[in-house]
Amino acid sequence: MGRVTLQDVAKAAGVSTATVSWAVNDNQKVRIPEVTRKKVRKVARELGYHPNALAKGLARGESSLIGFISDGVATTPFAGQVIRGAQDEAWRNGRILLIVDTGGKASIEHSAFEFMLEHQVEGIIYSTWTHRVIVPPSELRPSKSVLVNCFDKNHDFQAVVPDECQGGRAATQLLLDHGHKRIAFLNDPQPTPASCGRLEGYRDALEAAGIVFDPSLVINAQADQEGGYGSVDKLLATHATAAFCHNDRLAMGLYDALRERGLKVPEDISLVGFDNQEVVSAHLHPALSTVGLPQYELGVLGVRALIDLVDEGSNDGQPDGPLLVECPPVLRHSIVSA
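Residues numbered from 1 in each chain as written. Predicted model: local features only at pLDDT ≥ 70, side-chain atom pairs only at ≥ 80, totals over all residues. Heavy atoms only, no water.

Undergrad: Requested: an account of the overall build of the protein, with residues and values cited.
TA: Looking only at helices and strands, one finds 13 helices and twelve strands in the protein. Relative to the globule expectation of 20 Å for 338 residues, the C-alpha radius of gyration of the protein, 26 Å, shows a markedly less compact shape. Principal-axis analysis of the C-alpha atoms places the extent of the protein at approximately 90 × 40 × 35 Å. For the protein, the accessible area works out to roughly 16500 Å², and carbon and sulfur atoms hold 52% of it. If the 32 positive side-chain charges of the protein are averaged to one point and the 41 negative ones to another, these points end up 10 Å apart. (Helix = DSSP H or I, 4+ residues; strand = E, 2+ residues; numbered from the N terminus. Rg over C-alpha atoms; globule rule 2.2 N^0.38 Å. Areas by Shrake-Rupley, 256 points an atom, 1.4 Å probe, with all protein chains shown as cover. Lys, Arg positive; Asp, Glu negative; His and termini not counted. Charge placed at Lys NZ, Arg CZ, Asp CG, Glu CD.)

Listed below in structure tokens is the structure:
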């Protein structure tokens, strides 16, 4: 026997196909006798009929689908936690996540929006791999939407982003708590939310500890392994006892360069990274103290914010600014007391 249809159920139950549709799709707007509703559902179960999920949602005036469009989150190992968090929260709220990873291609992004709007998603989450300012796609405007790991300059859209400033404070505080006072900061020279926020947090932590900010301790370094490797001489020239690195890959490059010079982490200099890319930080020797990006929480809170918009029934109103998500410190073995 092929796929069981509405007509098969209607014939077996002795009712119209419309009545079957109303009963199995739980359409509460149409009043049919409860005995008929139960009879139809019993026959449907016995025949093995499975209602179309999209049709069922539309019959109730909702699709139970949430769109998720990203430029690379789904294919980036550590950032994939954003997807996991979003899926878990969607499932907890009876929704299913419809995911499209565009790879940063405008043509795919346009098709993704068309596909999701055709399937009448309840709303759309738009996420980027790196935390940055974006010009929101025009397709976001008519739909209920939330930005994750990115934000628009005018704050027209609700956004959920990491608290980079708090993260910078947390990283610096790990070193201050071990008695270090001359702390260098190896920072990405590109003016991004991460580099600017982490620098602000570094300065705030020093100020709170009564330490005067010394701009000579801020070293521009490309935010990758090569950047860390190439900045070692500038770092050693500062005579810092500890350093906060913009990210874990930069710290990994420093490990290599210091080892080549016969120096050890943390005996000769204590290090702290950022991002908690465990494939890097947990497997360095010694393991790297770092501050984690709250990837999973970004996904959870993004879906939660979108569901709030859906429940409110409006996309109007100017947000006060992005929702900032705390970046947790992870203390490992790359710090010793000064």
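Undergrad: Break down the pattern of salt bridges for me, citing the residues and quoting the values.
TA: In this structure the tally under the stated criterion is twelve salt bridges. In this structure, Arg132 and Asp71 form a salt bridge, with 3.0 Å as the shortest nitrogen-oxygen distance. Here Asp71 lies in the loop between strand S1 (65–70) and helix H5 (80–92) and Arg132 lies in strand S3 (residues 123–134), a separation of 61 residues in the sequence. Classification of Arg132 by relative accessible area gives partly exposed; the value is 32%. Notably, a salt bridge pairs Asp214 with Arg182, separated by 3.8 Å at the nearest N-O pair. Of this pair, Asp214 sits in the loop between helix H8 (193–208) and strand S7 (218–220) while Arg182 is found in the loop between helix H7 (164–176) and strand S6 (183–187), placing the two residues 32 residues apart along the sequence. Owing to a relative accessible area of 23%, Asp214 belongs among the partly exposed residues under this scheme. Several salt bridges share partner residues, and in doing so they unite Glu89, Arg92 and Arg304 into one network. (Salt bridge = Lys/Arg side-chain N within 4 Å of Asp/Glu carboxyl O. Buried < 20%, exposed > 50% of the residue type's maximum accessible area, 1.4 Å probe, protein only.)

Undergrad: Kindly report on the nonpolar core, identifying the contributing residues and their values.
TA: Leu186, Leu235 and Leu271 are the most contacted members of the largest nonpolar core, which totals 41 residues. By residue number, the principal contributor to this core is helix H11 (residues 248–260), which donates six residues. Look past the residues within four positions of Leu271 in its chain and what remains in contact with it is Ala243, Ala251, Leu254, Tyr255, Leu258, Val265, Leu288, Ser289, Ser334 and Ile335. Membership of the second largest hydrophobic core comes to 18 residues, among which are Val82, Ile83, Val146 and Leu298. (Core = buried A, V, L, I, M, F, W, Y, C linked by side-chain atoms within 4.5 Å. Contact = heavy atoms within 4.5 Å.)

Undergrad: Now, about the packing of helix H1 (residues 6–13) against helix H2 (residues 17–24): what can you tell me, with residues and values included?
TA: Contact geometry of H1 with H2 gives a least axis separation of 8 Å together with a crossing angle of 105 degrees. Considering the angle they form, H1 stands roughly perpendicular to H2. On the side of H1, the interface is formed by Leu6, Gln7, Val9 and Ala10, while H2 contributes Thr17, Val20, Ser21 and Val24. Here the residues of the contact of H1 with H2 sort into five nonpolar, three polar and no charged. (Axes fitted to C-alpha atoms, helices over the stretch in contact; angles between N-to-C directions. Parallel < 35°, antiparallel > 145°, perpendicular 65-115°, else oblique. Nonpolar A, V, L, I, M, F, W, Y, C, P; charged D, E, K, R; others polar.)

Undergrad: How would you summarise the sheet that holds strand S9 (residues 270–272) if you had to cite specific residues and measurements?
TA: Read across the sheet, four strands follow the order S7-S6-S8-S9 without closing on themselves; strand pairing throughout is parallel. Edge positions in the sheet fall to S7 and S9, since each of these pairs with one other strand and no more. When strand polarity is set aside, the average angle formed by the axes of neighbouring strands in this sheet is 20 degrees. (Pairing = 2+ DSSP bridges.)

Undergrad: Explain the sheet that holds strand S5 (residues 158–162) to me, and be specific about the residues and the numbers.
TA: Think of a sheet as strands paired side by side through backbone hydrogen bonds, with each pair either parallel or antiparallel. The strand order across the open sheet built from six strands is S2-S1-S3-S4-S5-S11, with neighbouring strands paired in parallel fashion. What marks the edges here is a single partner per strand, and that holds for strand S2 (96–101) and strand S11 (323–325). This sheet shows a mean twist of 20 degrees between the axes of neighbouring strands, independent of strand direction. Here S1 pairs with S2 via six bridges, running parallel. Within S2, the position partnered with Gly67 by the bridge is Leu98. Against the sheet, H5 engages S1, S2, S3 and strand S4 (145–152), with an angle of about 155 degrees to S2. Across the sheet, helix H6 (residues 106–118) lies against S1, S2 and S3, angled at about 160 degrees from S2, the strand it touches most.

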